[in-house]
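Tertiary structure, described
Each chain is listed here by its residues.
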Amino acid sequence: MRIGVDLGGTNIAVGLVDEEGRIVATGSRPTKPERGYEAVAKDIADIAFELIKRSNLSGSDIKSMGIGVPGVADSERGIVIRAVNLFWTKVPLAKEIRKYIDLPIYMDNDANVAALAEAAYGAGKGSKSSVTITLGTGVGSGFILDGKIYNGAHHFAPELGHIVIGDNGIRCNCGKIGCLETYASATALIREGKKAVEKNPNSLILKFANGDINSITAKNVIDAAKQYDEQAMRIFNDYVKYLAIGIVNVINMFDPEVIILGGGVANAGDFLIKPLKKEVAENILFKDLPYADIRKAELGNDAGIIGAAILS
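Residues numbered from 1 in each chain as written. Predicted model: local features only at pLDDT ≥ 70, side-chain atom pairs only at ≥ 80, totals over all residues. Heavy atoms only, no water.

1. Comments concerning the layout of surface pockets
Condition: A cavity, in this analysis, means grid points on a 1 Å lattice covering only the protein atoms where a 1.4 Å probe fits yet has no way out; a pocket is instead an open set bounded by protein on both sides within 12 Å along at least five of seven lines, and a residue lines either one if it has an atom within 4 Å of a point. Grid points are joined across faces, edges and corners, and a volume is the space filled by probe spheres set on the points. Per the convention used, a helix needs a DSSP run of H or I reaching at least four residues, while a strand needs a run of E reaching at least two, with both numbered from the N terminus. In this count, Pro and Cys sit with the nonpolar residues alongside Ala, Val, Leu, Ile, Met, Phe, Trp and Tyr, while Asp, Glu, Lys and Arg are called charged and the others, Gly among them, polar.
In this structure, the largest pocket occupies an estimated 1,600 Å³ of space. Secondary structure elements with two or more residues in the lining of the largest pocket: β1 (2-7), β2 (11-17), β6 (79-83), α3 (110-121), β9 (130-135), β10 (139-145), β12 (258-262) and α10 (303-309). Top element by residues in the lining of the largest pocket is α3. It accounts for five residues. Of the residues that constitute the lining of the largest pocket, the class distribution is 17 nonpolar, 24 polar and seven charged. Volume-wise, the second largest pocket comes out at about 290 Å³. For the second largest pocket, the lining is made up of 16 residues, of which Asp108, Ile149, Asn151, Leu311 and Ser312 are closest to its centre. Put simply, the parts of the chain that give the lining of the second largest pocket at least two residues each are β5 (72-74), β8 (105-109) and β11 (148-150). Here the lining of the second largest pocket takes three residues from β8, the largest share from any one element. Of the residues assigned to the lining of the second largest pocket, the class counts are seven nonpolar, five polar and four charged.

2. Some points on the nonpolar core
For clarity, the cut-off: In these notes, a set of buried Ala, Val, Leu, Ile, Met, Phe, Trp, Tyr and Cys residues joined through side-chain atoms within 4.5 Å is what counts as a nonpolar core. Summary of the burial criterion: residues with accessible area below 20% of their type's maximum are buried, those above 50% are exposed, and those between are partly exposed, where the area comes from a 1.4 Å probe applied to protein chains only. Residue contacts are counted whenever heavy atoms from the two residues lie within 4.5 Å of one another.
Formed by 46 residues in total, the largest nonpolar core has its most connected members in Ile133, Ile205, Ile247, Ile259, Leu261, Val265 and Leu272. With 11 residues, helix α8 (residues 230-254) is the single largest residue contributor to this core. Ignoring anything within four residues of it in the chain, the contact list for Val265 reads Leu135, Ala186, Leu189, Ala218, Ile222, Tyr239 and Leu272.

3. With respect to a nonpolar patch on the surface
The following threshold applies: Residues with no salt bridge and a relative accessible area higher than 30% make up the patches, which join like charges within 9 Å and nonpolar side chains (Val, Leu, Ile, Met, Phe, Trp, Tyr) within 5 Å. Residue burial considers only the protein chains on display, and all accessible areas are found by Shrake-Rupley using a 1.4 Å probe. Salt bridges are counted wherever a side-chain nitrogen of Lys or Arg sits within 4 Å of a carboxyl oxygen of Asp or Glu.
A cluster of nonpolar residues, Tyr150, Met253 and Phe254, forms a patch on the protein surface that exposes about 290 Å² of accessible area. One can find Tyr150 in strand β11. Classification of Tyr150 as partly exposed rests on a relative accessible area of 38%.

4. Quick notes on the sheet that holds strand β13 (residues 293-296)
Where we set the bar: The pairing criterion is simple: DSSP has to find at least two bridges between the two strands. Interaxial angle, 0 to 180 degrees, is taken between N-to-C directions of lines fitted to C-alpha atoms, where a helix line uses only the stretch in contact.
Reading across the sheet, the five strands line up as β11-β10-β9-β12-β13 and stay open at both edges, with mixed pairing between neighbours. Edge positions in the sheet fall to β11 and β13, since each of these pairs with one other strand and no more. Taking each pair of neighbouring strands and ignoring which way they run, the sheet shows an average axis angle of 25°. Here four bridges tie β12 to β13, and the two strands are oriented parallel to one another. In the strand pairing of β13, Ile259 is matched with Ile294. The sheet contacts of α3 involve β9, β10, β11 and β12, and relative to β10 the element is tilted by about 50°.

5. Side note on the state of the cysteines
To keep it simple, the criterion reads: Sulfur atoms of two cysteines make up a disulfide when they are within 2.5 Å.
One pass over the full model with this rule turns up zero disulfides. With no disulfide of its own, Cys174 lies 3.6 Å from the sulfur of Cys179, the closest cysteine sulfur. According to the relative accessible area criterion, Cys174 is partly exposed, its value standing at 40%. For Cys179, a relative accessible area of 0% puts it in the buried group.

6. Topic: α3
This is how the line gets drawn: Here, expected helix span is obtained from the residue count minus one, scaled by 1.5 Å. Under the rule applied, a polar contact is a pair of N or O atoms within 3.5 Å (in protein, one hydrogen donor and one hydrogen acceptor; residues adjacent in sequence only if both atoms are side-chain atoms).
Over its 12 residues, α3 runs 16 Å from end to end, which matches the ideal 16 Å to within 8%, given 1.5 Å per residue. Counting buried residues in α3 gives nine out of 12 residues, a clear majority hidden from the surface. Considered for burial, the residues of α3 that qualify are Ala111, Asn112, Val113, Ala114, Ala115, Leu116, Ala117, Glu118 and Ala119. For α3, the N-terminal cap is Asn109; the gap from its side-chain oxygen to the backbone nitrogen of Ala111 is 2.8 Å.

7. What about the packing of aromatic side chains?
Just so we agree on the cut-off: Here a pair means two rings of Phe, Tyr or Trp (six-membered ring of Trp) with centres within 6.5 Å. Their orientation is stacked below 30 degrees between planes, edge-to-face above 60, and tilted elsewhere. Each ring is checked for a lysine NZ or an arginine CZ that lies within 6 Å of its centre and within 35 degrees of its normal; such an atom marks a charge sitting over the ring.
Tallied over the full model, the rule gives five aromatic pairs. Between Phe143 and Phe254, the aromatic rings sit 4.8 Å apart at their centres with planes inclined by 75°, giving edge-to-face as the arrangement. Of this pair, Phe143 sits in strand β10 while Phe254 sits in helix α8, and the two are 111 residues apart along the sequence. According to the relative accessible area criterion, Phe143 is buried, its value standing at 3%. What makes Phe254 partly exposed here is its relative accessible area of 30%. Ring centres of Tyr183 and Tyr242 lie 4.3 Å apart, and the angle between their planes is 45°; on these two criteria the pair is classed as tilted. Of this pair, Tyr183 sits in helix α4 (residues 180-184) while Tyr242 sits in helix α8, and the two are 59 residues apart along the sequence. Exposure remark for Tyr183: the relative accessible area of 9% places this residue in the buried category. An aromatic cluster of three or more residues is present, and its members are Phe143, Tyr150 and Phe254. Over the ring of Phe271 we find Lys226; its NZ or CZ atom is 5.7 Å from the centre of that ring.

8. Some remarks on the side chain of Ser141
Relative to the helices and strands, Ser141 is located in strand β10. A polar contact is formed between the side chain of Ser141 and the backbone oxygen of Pro158, at a distance of 3.4 Å. Looking at Ser141, its side chain comes within polar contact range of the main-chain nitrogen of Leu160, at 3.2 Å. With sequence-adjacent residues up to four places away left out, Ser141 is seen in contact with Ala111, Asn112, Thr132, Ile133, Thr134, Pro158, Glu159 and Leu160.

In structure tokens form, the structure reads like this:
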């Protein structure tokens, strides 16, 4: 067995994962990062012990612990270099956890960890290279090259959401203008949906949001587009076009076997993936050669725990 930890800004999720990548037991607690990293480390160890006891196992049955962190991590030194949502800088997390549980501890960014899980047991199973892109509040990404996480020389790659693909005049949270996530995140769909209903209050987008402009979600925009609402279709078609630009850039740079889409927007399934494949095909560099297949992620919220557990 291995222990996987999905460490978020609001919740610590821990799971026991077997050699087939199956989660056999889980536990969680609120993160409450304001308590300091020492308290968070103790909670991780406590939950792990609870799961081991509940599963009638002992410490000797556990091979390792892996942790997906919402930030930049140096696994070799066991340090969380930066985790903004946890208010952490240069935190010796592995050393702190080992005060309570004596295991090899590995760490990486949470998006990388989810990408590893999808590559090993999900939509990328059987491939040697895949890129997982999460389409949520922002645009997250994880690259698996030759079966291993690629996180760059300084542990913070990849940041696909922050490649600049245009000049839309919208400032990203990172400070730049025109980042991919200002075009291709759920936040982008919400922003454009609100703009549309301000000009066209009869749009189905507003109807699906129960008439409250401040309640508009990305799903409202997508559902309206499925019903051929003119405003929603325009927004969604633009979304697909810009996401395709980001994907074509990835294919041109890394030539992965598979592109995997996760996050809330990916729940649109074929409604998103079919036109996206068409747009990518029209813009790919080598149209006479094979290139990455585009698939929906399969593991959902389990990817964080599974991917963390198989870190090494």
